[in-house]
Amino acid sequence: MADGAVGEGSPGADLQVESVTLVAPAVSLRGAVAVPGDKSISHRAVLLGAISDGETVVRGFGRSADTESTVGAVRALGVRVDEEGDDVLRIHGAGLRGLNSPEGPIDCGNAGTLVRLLSGILAGQTWRQFELTGDESLSTRPMGRIADPLQQMGAGVETAGGRLPIGIEGRPLRGIEYELPVASAQVKSCVLLAGLYAEGETTVLEPVATRDHTERMLRAAGARVDGAPGRVTITPPERLALGEVEVPGDVSSAAPLVLAATLLPGSELIVSGVGVNPTRTGFLDVLERMGARVAVFNRRTAAGEPVADLEVTHADLVATEIEPGEVPRLVDELPLWALAAAMARGTSTVRGAEELRAKESDRIATVTEGLRTLGAHITARPDGFRVRGVPARLRGGRMGSAGDHRIAMLAAVAGLASRDGVRIEGADAVSVSFPGFFDLLDSLAQR
Ligand code: S3P
């Protein structure tokens, strides 16, 4: 870590237990970088590789605490995973029905995507029993949303009052038509994966489109997945064979860099090899609507996913409104969007984003409290935020991550774009999705 972002260590006279990292103000952001492999796609590659026939090679694997949990989980289920380099995995698939019951519970760590997608797969491992646990944050998150459809399909599922631990007994499943009560790609994916094992077709109806990585990867593995807007149907296959997956860079990890380059005058940033699946690029679209200059070029396809390079230069931003139908396309970037809005001209709002309360932290609360202490004019609403923008640097100060990786990254970008810098409590939360984040930021920041 260079001098811009300094780990100040923890215990000492003040008996602090959390590490504090200072992100000093920067003049601009300059350079060309790549970001780690997409977290959503990395989870799916490991899970589908585990139930494929034969070997799956995953390149560009986004190694992070979350995706390590997924590798640990499939290993606990008896699947061999060879690490052939930092971002290359070779998975020796056990086939659709070949997962073993481990001795004890499977620890899903902080990873909501893991617990929800894996549950769909385990529901089809007939007459085998499994228990899934997670860390403190994951243990507070809603699991009734997956227990309900899985029970309707015939699986044995028990939760602790709708939370973890969750116990699953695989049983013969029947296909259902399920309308999502919340716009959630994790729930959609859980039902589709259980549909791999069901008798008959399984259809998920989604009122608002959510990320479609599961559908794309199932197709790449040879399954029949039919889609029309708002509707996706899976026909149970004999077998899956994934072969090779080239994971694109994570657009959610590129997002803090894109925002920092937009906010800081004189910035010129290139992020190469970023996944630009249209179900994930809402943040880029909304920023452009606010006046940002983001060029998307060199478009190509890798493993059924669109990929491109991004070039970002500084721009002044104006306020915008985000409607509920847009929310899933930038759900993980809404904390960053709140910072963009705080530094834009005019008043911005987002509605229909109540799902933010069910993420790694209650992000409506953590974003509002955090940005307010740094000098932003932001008000929480039950389903979003209202932000009165001031086109000037934020004051800065101290901000806690609440153990949430996206909040730690928000605080870091706020630090770069502040007058006095931001001291982040619990900055190490970034390792959940982006372990080298602070070093990368530091290599780009001009001070
Ligand atoms: C994810 C879906 C989203 C997102 C999460 C990853 C996925 O959650 O917030 O970070 O990989 O499917 P929901 O589906 O619960 O909205």
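Above this note sits the structure.
Below is a summary of the structure that appears in this document. (Residues numbered from 1 in each chain as written. Predicted model: local features only at pLDDT ≥ 70, side-chain atom pairs only at ≥ 80, totals over all residues. Heavy atoms only, no water.)

1. Concerning the nonpolar core
If you look at soluble globular proteins, the nonpolar side chains tend to sit buried side by side.
And then number 1: The biggest cluster of nonpolar side chains holds 79 residues, and the ones touching the most others in it are Trp337, Leu339 and Phe385.
And then number 2: Contact partners of Leu339, with chain neighbours within four places excluded, come to Leu259, Leu263, Leu371, Leu394, Leu410, Val413 and Ala414.
And then number 3: Core analysis: the second largest hydrophobic core is formed by 67 residues, Val46, Leu132, Tyr178 and Val187 among them. (Core = buried A, V, L, I, M, F, W, Y, C linked by side-chain atoms within 4.5 Å. Buried < 20%, exposed > 50% of the residue type's maximum accessible area, 1.4 Å probe, protein only. Contact = heavy atoms within 4.5 Å.)

2. Structural notes on helix α5 (residues 185-195)
And then number 1: Burial within α5 is extensive, with eleven of its eleven residues counted as buried.
And then number 2: All of the buried residues along α5 are Ala185, Gln186, Val187, Lys188, Ser189, Cys190, Val191, Leu192, Leu193, Ala194 and Gly195. (Helix = DSSP H or I, 4+ residues; strand = E, 2+ residues; numbered from the N terminus.)

3. Description of the packing of aromatic side chains
Within a pair of aromatic rings, the relevant descriptors are the distance that separates the centres and the angle that separates the planes.
And then number 1: Enumeration according to the criterion identifies two aromatic pairs in this entry.
And then number 2: Judged by centre distance (5.2 Å) and plane angle (70°), the rings of Phe437 and Phe438 are edge-to-face. The same class applies to Phe437 and to Phe438, which are both buried.
And then number 3: Put simply, the rings of Phe434, Phe437 and Phe438 pair up and form one aromatic cluster. (Phe/Tyr/Trp six-rings, centres within 6.5 Å; stacked < 30°, edge-to-face > 60°.)

4. A short note on the side chain of Thr202
And then number 1: Relative to the helices and strands, Thr202 is located in strand β14 (residues 202-205).
And then number 2: Excluding residues within four positions of it along the chain, Thr202 makes contact with Met153, Gly175, Ile176, Val191, Gly195, Val232, Thr233 and Ile234.

5. A closer look at the site of the ligand
And then number 1: Taken together, Ser40, Arg44, Thr113, Ala183, Ser184, Ala185, Gln186, Arg211, Val331, Asp332 and Lys359 make up the full set of residues adjacent to the ligand.
And then number 2: Here an oxygen atom of the ligand sits 2.7 Å away from a polar atom, N or O, in the side chain of Ser40.
And then number 3: In this structure, Arg44 approaches the ligand through a side-chain N or O atom, which is 2.7 Å from an oxygen atom.
And then number 4: Considered on its own, the ligand offers 380 Å² of accessible surface; in the complex 94% of this is hidden by protein.
And then number 5: Where the shell around the ligand is concerned, the elements lending two or more residues are α1 (39-50) and α5. (Near = heavy atom within 4 Å. Polar contact = N/O pair within 3.5 Å; in protein donor to acceptor, adjacent residues only side chain to side chain. Areas by Shrake-Rupley, 256 points an atom, 1.4 Å probe, with all protein chains shown as cover.)

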